[in-house]
Amino acid sequence: MAPTAAKPRKVLAMLAVHADQVVPMASLFEELWGEDIPRSANTTVQTYILHLRNLIGSALEQSTAGDLRDAKRVLVTYPGGYLLDTMGGRVDVREFDRLAAVGHRARELGDFETASKSFTEALAIWRGRALVDVQTGSLLEVEGHRLEEARLNVLDRRIDADLRLGRQHELLGELAGLVGRYRTHEGMHAHLMLALYRSGRRGEAIDVYRRLRTCLVNELGLEPSPSLRRLQHAILMSDPRLAEPATEHTSMVRAAG
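This structure is a prediction, so every number in the text was calculated from the model and none was measured.

A.B. asks: Explanation requested: the overall build of the protein in the structure shown.
C.D. replies: Of regular secondary structure, the protein possesses eleven helices and three strands. Each of the three principal axes of the protein carries a C-alpha extent, and together these read 70 × 40 × 25 Å. The proportion of buried residues among the 257 residues of the protein is 46%. Contacts in the protein between residues at least 24 apart in sequence constitute 61% of all its contacts with a sequence separation of at least 6. Across the protein, the mean location of the 34 positive side-chain charges is 2 Å away from that of the 34 negative side-chain charges.

Following this line, the structure appears as C-alpha cells:
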C-alpha cells in the first residue's frame, strides 16, 4: 500500500507515527519543504492525500473490511490537518511501547524472566532502523532518533535481565556484535565485560575496557565513566559479587549505560 514517491511517502510516515492524532498542515509543510514552503503547498498536500486514499481504498477492497471500505474514514480530514484512524487496529509503535512497559514493570518487581520475555517480544517487532525507507525531513528525523533510542534502551534492559538470569554464555556473540556497532556505548561494553568475566575470560573482559577507553579518548576526548572504571577494578580484583546474577554488579552496569 505504501507509495513509492518520496513526498507522499513522507506524508504517510508522518500520519503513521502519529496514528490516531491530527497532524497539522503546518507540520506536513515543515516536513516536506522545511522553510521553503511553496505557494502551492495546500494543493500539493491535498493531492498527496488523495493519492494515499486511493491506495488505502485499493487495499481495503482486497480485505474483508466490510463497511469500513471508505478510505475517507481511515484517512480523515480535520480543520487544519489530517488523521490516520487505525480503528483499533495494531500499530507497531504502540505495540512496542506496550510490551516495553510490561518489561519495565516486571523488571522493577524483580521478575527478570518476564522482563526478558516482554523485551524480546518488543524487539521482535523491529525489522531494521525506524523510517529507513523514508527520505526524512526535520520532523521525521527527530522521530526516527526517538524510536531508535527507545529500541536501544529496551535492548539494553533485555540484556541486563538476561545477565541477571545467568545467560552470559548465550549473550557473548550478540554483545560482540553490538560493541562493534556502538563503539562508544559504555553500557553495551559493560555488559560484554561482565559476560566475559562470568564465562571465565577475565583477560578478554579487560581488553574490552582498554579498547573502549582508547576509542573514547581518541574520538571524543573522554575517559570512561567512573561506574565503568569501578567495573574494571572489580574484574581486576575478581570481586565475588560479579559472579552472582541479579546482585551488586547490576548497579555498576546500569550506571555505565
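A.B. asks: What exactly am I supposed to notice about the pairing of strand β3 (residues 81-84) here?
C.D. replies: Along a regular strand, successive side chains alternate from one face of the sheet to the other. Residues of β3 alternate between two faces, with Gly81 and Leu83 on one and Tyr82 and Leu84 on the opposite face, all of them buried. In this structure, strand β1 (residues 22-24) lies alongside β3, joined through three bridges in antiparallel fashion. Note that in β3 the partner of Val22 across the bridge is Leu83. Across four bridges, the pairing between strand β2 (residues 75-78) and β3 is antiparallel.

A.B. asks: Would you explain the layout of surface pockets in this entry?
C.D. replies: Over the atoms, a rolled probe matching the size of one water molecule traces out where space is still vacant. Approximately 930 Å³ is the volume attributed to the largest pocket. Every residue lining the largest pocket is counted, 30 residues in all, and those nearest its centre are Ala16, Val17, Asp92, Val93 and Leu131. For the lining of the largest pocket, the secondary-structure elements that each account for two or more residues are α1 (6-17) and α4 (92-108). It is α1 that provides the largest number of residues to the lining of the largest pocket, a total of five residues. For the lining of the largest pocket, a count of residues per class yields 20 nonpolar, three polar and seven charged.

A.B. asks: How should I be thinking about the packing of aromatic side chains in this particular structure?
C.D. replies: For any two aromatic rings, the description comes down to two numbers: the centre-to-centre distance and the angle of the planes. On inspection of all chains with the given rule, the structure shows two aromatic pairs. A ring pair is formed by Phe29 and Trp33, whose centres lie 6.0 Å apart and whose planes are at 50°; its orientation type is tilted. Linking Phe29 with Trp33, this pair stays in helix α2 (residues 25-33), spanning four residues, or about one helical turn. Accessibility expressed as a relative area gives 13% for Phe29, which makes it buried. Residue classification places Trp33 among the buried residues on the basis of a relative accessible area of 18%. Considering the side-chain rings of Phe96 and Trp126, the 5.7 Å spacing of their centres and the 80° angle between planes classify their relative orientation as edge-to-face. Of this pair, Phe96 sits in helix α4 while Trp126 sits in the loop between α5 (112-124) and α6 (138-164), and the two are 30 residues apart along the sequence. Judged by its relative accessible area of 17%, Trp126 falls in the buried class.

A.B. asks: What is the right way to read the nonpolar core from this model?
C.D. replies: Side chains of nonpolar character tend, in soluble globular proteins, to be buried together. With 43 residues, the main nonpolar core has Ile159, Met193 and Ile235 as its most contacted residues. Secondary structure elements with two or more residues in this core: α4, α5, α6, α7 (168-181), α8 (186-198), α9 (202-220) and α10 (226-236). The biggest single contributor to this core is α8, with eight residues. Setting aside residues up to four positions removed in sequence, Ile235 forms contacts with Met193, Tyr197, Arg202, Ala205, Ile206 and Leu242. The next biggest cluster of nonpolar side chains, apart from the first, holds 27 residues, and it includes Ala41, Val45, Ile56 and Leu60.

Cut-offs used in this document
Residues numbered from 1 in each chain as written. Predicted model: local features only at pLDDT ≥ 70, side-chain atom pairs only at ≥ 80, totals over all residues. Heavy atoms only, no water. Helix = DSSP H or I, 4+ residues; strand = E, 2+ residues; numbered from the N terminus. Buried < 20%, exposed > 50% of the residue type's maximum accessible area, 1.4 Å probe, protein only. Contact = heavy atoms within 4.5 Å. Lys, Arg positive; Asp, Glu negative; His and termini not counted. Charge placed at Lys NZ, Arg CZ, Asp CG, Glu CD. Pairing = 2+ DSSP bridges. 1 Å grid on protein atoms, 1.4 Å probe; cavity = no way out; pocket = protein on both sides within 12 Å on 5 of 7 lines; lining within 4 Å. Points joined across faces, edges and corners; volume = space filled by probe spheres on them. Nonpolar A, V, L, I, M, F, W, Y, C, P; charged D, E, K, R; others polar. Phe/Tyr/Trp six-rings, centres within 6.5 Å; stacked < 30°, edge-to-face > 60°. Core = buried A, V, L, I, M, F, W, Y, C linked by side-chain atoms within 4.5 Å.

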